[in-house]
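# Report on the structure
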Amino acid sequence: MVFEKVKAIIEDIGIEDEIIESSRLYDDLALDSTELALVSTALSKAFGIFIESRVLKTYSVAQVMEAVALKA
């Protein structure tokens, strides 16, 4: 459930690469600073968590899911 929602958030900004839990947002999926900010905003709206885009740059999809789980 959480993975699908995080994946949908990333896909909604136009990322077409295969997204798996080990995908790193910046290194593997090549999200730029604007895209990272959009993901940060979407995560805030969807899950009520805030992760700064400069921190999000270092995260994998699995780490985003862990942050959501810690908030729950």
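Preceding block: the structure.
Residues numbered from 1 in each chain as written. Predicted model: local features only at pLDDT ≥ 70, side-chain atom pairs only at ≥ 80, totals over all residues. Heavy atoms only, no water.

### A short note on helix H1 (residues 2–12)
Regarding H1, the residues found buried are Phe-3, Val-6, Ile-9 and Ile-10. For H1, the buried positions fall inside an angular range of 125° around the axis, keeping them on one side. At the C-terminal side of H1, Gly-14 shows a positive phi close to 105°. (Buried < 20%, exposed > 50% of the residue type's maximum accessible area, 1.4 Å probe, protein only. Helix = DSSP H or I, 4+ residues; strand = E, 2+ residues; numbered from the N terminus. Arc of directions from axis to C-beta.)

### What about the nonpolar core?
Within the largest apolar cluster, 20 residues are counted, with the highest numbers of intra-cluster contacts made by Ile-10, Leu-25, Leu-43, Leu-56 and Val-61. Ranked by the residues each element gives to this core, the list is headed by helix H4 (residues 61–71), at five residues. Those residues in contact with Ile-10 that sit more than four places away from it in its chain are Ile-15, Ile-19, Leu-25, Leu-29, Val-39 and Val-61. (Core = buried A, V, L, I, M, F, W, Y, C linked by side-chain atoms within 4.5 Å. Contact = heavy atoms within 4.5 Å.)

### Re the environment of Lys-7
With respect to the helices and strands, the residue Lys-7 is situated in helix H1. The exposure class assigned to Lys-7 is partly exposed, which follows from its relative accessible area of 27%. Considered as a pair, Lys-7 and Ile-20 are 13 residues apart in the sequence and their alpha carbons are 8.1 Å apart.

### Quick notes on the packing of H1 against H4
Helix packing for two helices is described by the angle between their axes and how far apart those axes are. Contact geometry for H1 and H4: axes closest at 10 Å, N-to-C directions at 120°. On the basis of their axis angle, the class for H1 and H4 is oblique. Two packed elements cross with a definite hand, and for H1 against H4 that hand is right-handed. Across from Val-2, Phe-3, Val-6 and Ile-10 in H1, the residues of H4 making contact are Val-61, Val-64, Met-65 and Val-68. Here the contact of H1 with H4 is composed, by residue class, of eight nonpolar, no polar and no charged. (Axes fitted to C-alpha atoms, helices over the stretch in contact; angles between N-to-C directions. Parallel < 35°, antiparallel > 145°, perpendicular 65-115°, else oblique. Left-handed = near helix turned anticlockwise from the far one by under 90°. Nonpolar A, V, L, I, M, F, W, Y, C, P; charged D, E, K, R; others polar.)

None of this, on its own, says anything about what the molecule does.
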